[in-house]
Amino acid sequence: MNGYGHRAHQFSWTFLVLALLFQTAGTALAQAEPGSALPDSADNFTGTILFIFGRPQNALPVDVAELRATCVSRLEAALRGRGHRTADRDVIEEQVRKWRVRGSDLISPEFLRELGQEADVGQILVATLLTDNARFLLTTRLIDTASGRLTFVDLIDVDLPEYDPEFAPVGVPEWRRVLDAACQKVVPQWAPPPVPAEETLMVLPTIGIASDPAITSAAAHSLFKTLLGQGLVFLDPSLAEVTMIEAGMPSHWLAPRGRRLLQDRFGAKRILVSELVSYDQNSPMVSLQALDPDEPATIRWILTEFSMSMRTVDLRTGTALRSATILHDKPPATGWFGNPVRTTLLQELEATSQALWAAFSPDSEDN
Amino acid sequence: MRKMWNSAAMALVMLAFVSGCSPKATSFVRDDVDYSFIRTVAIFPFQNLSQDINANERLHSVFVSQILERDAVAVVEFGTVLSAMSQMQLTVDSVLTPEQIMELGKVMSVDGIFFGSVEEYGIERLSKDRTYSITASYSLAETQTGSMVWSAQTRTDGGSFWRKLFGGGSASLYSVSKNNVNQALETLF
């Protein structure tokens, strides 16, 4: 055997060993993929509630019932893949009907308490799916049922591919693949219940001025995600909303009676109020109606100029303690050869939320 | 040669003069009021006389931000004002009597109430240049007697001498709003 043949022999052995290693690692990775069985690490259940806005449209050839069932099952599968024990869907539905939970901002403390005590649900994933022409906006919030704390927030927007029934591919429809991938991205890894915080901070849902409600909701989720990322501990915004509404007051009417109610009920001393103001002259405050009356109304997912502001309000006095406002009016960036660099509205909202926190944070120099 | 230098100097003086001609607020400030007693204020919803249906809310938001940024007075949350208005059955367009202002002050526990009215808001189409223009008036009433102690009217636009000279579009609507509010507040704080 010449030297070359010996080296080739060595290479083939090395290749075989490497191939075996890759195969073993590949099997391990495949087992760890979301959706497959993992040993449960949670000692109680995680429930899922989904609210759907918009309606199935051309790019989404599916009825609402099927869309709901598919999305819930995908979210549950994604949760199981991340170590959660998912609760029985019928049990959750029963509680939703009992407490008349009609929207993602209407999660009451009593509903959470009963979910925890009667159904052993430790956390509830509140998801909203907005379908708009050829687009999804999927948002999720994970709420700890014992404390009402918001422990995780995420959101994703996805463009749907063009759909033509004559040329639709055989097999799994494209929208299912897209939805499945989106669901995998917006659920958290299971984590033990959070330790009680020293002080309860409340947060109100973001107020939108001259902006579409869907965009305001996206801005709110983006802001809450930033706040959680900065280590802030706060109750889910829907708790304040529901408590005020049940007492006959809009949630933003922080009059003495409303403030006292929030203090007595949650032991909170401060509340965070945020605003999104659109200065976009081209996009009116409501969804644009397409020129063709048969076409459904669509949301214009662009804001060229907007501001986000945030202030902390003292619940004892009703006065603002700290505030910050950030304006976003950057023109689209240009890349190589003058090509515009495309950023999505969600990316812009996320960047503005982070800039707002930087201006608002007690560590910032301006404050 | 001397003539040329004189002309150049004159042109520079004119340039400085023209560029310094920024619009100013027309204001009234009562001299017999000690403003240090006004520690907590509320900001009433602004009236909207313009054609943009969101003008008052946008300008109100900027006004709140600028007042808070100055850190001169404590500001009660807007919801408190809405709640008090509902309690007293007042609307944005209500013309308040001094008694009502005093009553509002008691309900909200504030020393002063700011009012505002947006008269013009949006793109000005009089000239070839499309610039944003805002005209608004603001006032402050103290709640002990219900009397007006400060009032200002300002007009700002997004154009400037330098923008016209070197090109460029109008300043953003937010910037024009912020300038408008700041010019008014400068006459008070």
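S.K.: Go over the packing of aromatic side chains, please, and point to the residues and values.
M.R.: All names here are of chain B. Summed over the entire model, instances satisfying the criterion amount to nine aromatic pairs over all chains. Note on Phe63 and Phe114: the rings are 5.3 Å apart at their centroids and 70 degrees apart in plane angle, and the pair reads as edge-to-face. Of this pair, Phe63 sits in helix α2 (residues 55-70) while Phe114 sits in strand β5 (residues 112-124); the two residues are 51 residues apart in sequence, bridging distant segments of the chain. Note on Phe63: relative accessible area 0%, which makes it buried.

S.K.: Could you give me a rundown of the pairing of strand β2 (residues 40-43) of chain B, with the residues and numbers involved?
M.R.: Residue and element names in this part refer to chain B. Every second residue of β2 is oriented toward a common face, with Thr40 and Ala42 on one face and Val41 and Ile43 on the other, all of them buried. Where β2 lies against strand β4 (residues 74-75), two bridges are found, and the strand directions are parallel. By the bridge assignment for β4, Val41 is matched with Val75.

S.K.: Just give me the short version of the nonpolar core, but keep the residues and values in it.
M.R.: Membership of the largest hydrophobic core comes to 61 residues, with the highest contact counts inside it found for Leu262(A), Ile271(A) and Leu349(A). Per element, the largest residue contribution to this core is eight residues, and it comes from helix α6 (residues 213-229) of chain A. When neighbours within four sequence positions are excluded, Leu349(A) is seen to be in contact with Ile215(A), Ala218(A), Ala219(A), Ser222(A), Leu276(A), Phe306(A) and Met308(A). Ile38(B), Ala136(B), Leu185(B) and Leu188(B) belong to the second-largest nonpolar core, a separate cluster that totals 38 residues.

S.K.: Give me the lowdown on unusual backbone geometry, citing residues and values where you can.
M.R.: Residues and elements named next belong to chain A. Here the phi dihedral of Arg100 falls at roughly 50 degrees; this positive angle occurs in a residue that is not glycine. Take Arg100: it is sitting in the loop between α3 (89-98) and α4 (109-119). For Arg100, a relative accessible area of 60% gives the class exposed. Phi at Asp120 takes a positive value of approximately 55 degrees, unusual for a residue other than glycine. Residue placement: Asp120 occurs in the loop between α4 and β3 (121-132). What makes Asp120 partly exposed here is its relative accessible area of 38%.

S.K.: Tell me about the pattern of salt bridges, and name the residues and values.
M.R.: Residues and elements named next belong to chain A. Enumeration according to the criterion identifies 16 salt bridges over all chains in this entry. We note a salt bridge from Arg89 to Glu76, for which the minimum N-O separation is 3.1 Å. Residue Arg89 is found in helix α3, and its partner Glu76 is found in helix α2 (residues 64-81); the two are separated by 13 residues along the sequence. A residue is classified by how much of its surface remains accessible, and Arg89, at 32% relative accessible area, is partly exposed. Accessibility expressed as a relative area gives 8% for Glu76, which makes it buried. For the salt bridge of Glu114 with Lys98, the shortest nitrogen-to-oxygen distance reads 2.4 Å. Taken together, the residues span a long stretch of sequence, with Glu114 in helix α4 and Lys98 in helix α3 at a distance of 16 residues. Connected through salt bridges with shared partners, the residues Asp105, Arg141 and Asp236 form a single ionic network.

About the cut-offs
- Each chain has its residues counted from 1, running along the sequence as written.
- To read the labels, note that chains go from A and ligands from 1, taken in the order they are written.
- Confidence filtering applies because this is a predicted model: local features only for residues at pLDDT of at least 70, side-chain atom pairs given and counted only at 80 or more, and all residues used for totals across whole chains, interfaces and linings.
- Side-chain metrics in this entry use all non-hydrogen atoms of the structure; hydrogen atoms and water are not considered.
- Centres within 6.5 Å are what make two rings of Phe, Tyr or Trp a pair, Trp counting through its six-membered ring; a difference in plane orientation under 30 degrees is then read as stacked, over 60 as edge-to-face, and the rest as tilted.
- Helix and strand assignments follow DSSP, with helices taken as H or I runs no shorter than four residues and strands as E runs no shorter than two, numbered in order from the N terminus.
- Under the scheme applied here, a residue whose accessible area is under 20% of the maximum for its type counts as buried, over 50% as exposed, and between as partly exposed, the area being computed with a 1.4 Å probe on protein chains only.
- Should DSSP find at least two bridges between two strands, the strands are regarded as paired.
- For the purposes of this section, nonpolar cores are sets of buried Ala, Val, Leu, Ile, Met, Phe, Trp, Tyr and Cys residues that join through side-chain atoms within 4.5 Å.
- Any pair of residues with heavy atoms lying within 4.5 Å of one another is described as a contacting pair.
- Any Lys or Arg side-chain nitrogen found within 4 Å of a carboxyl oxygen on Asp or Glu counts as a salt bridge.

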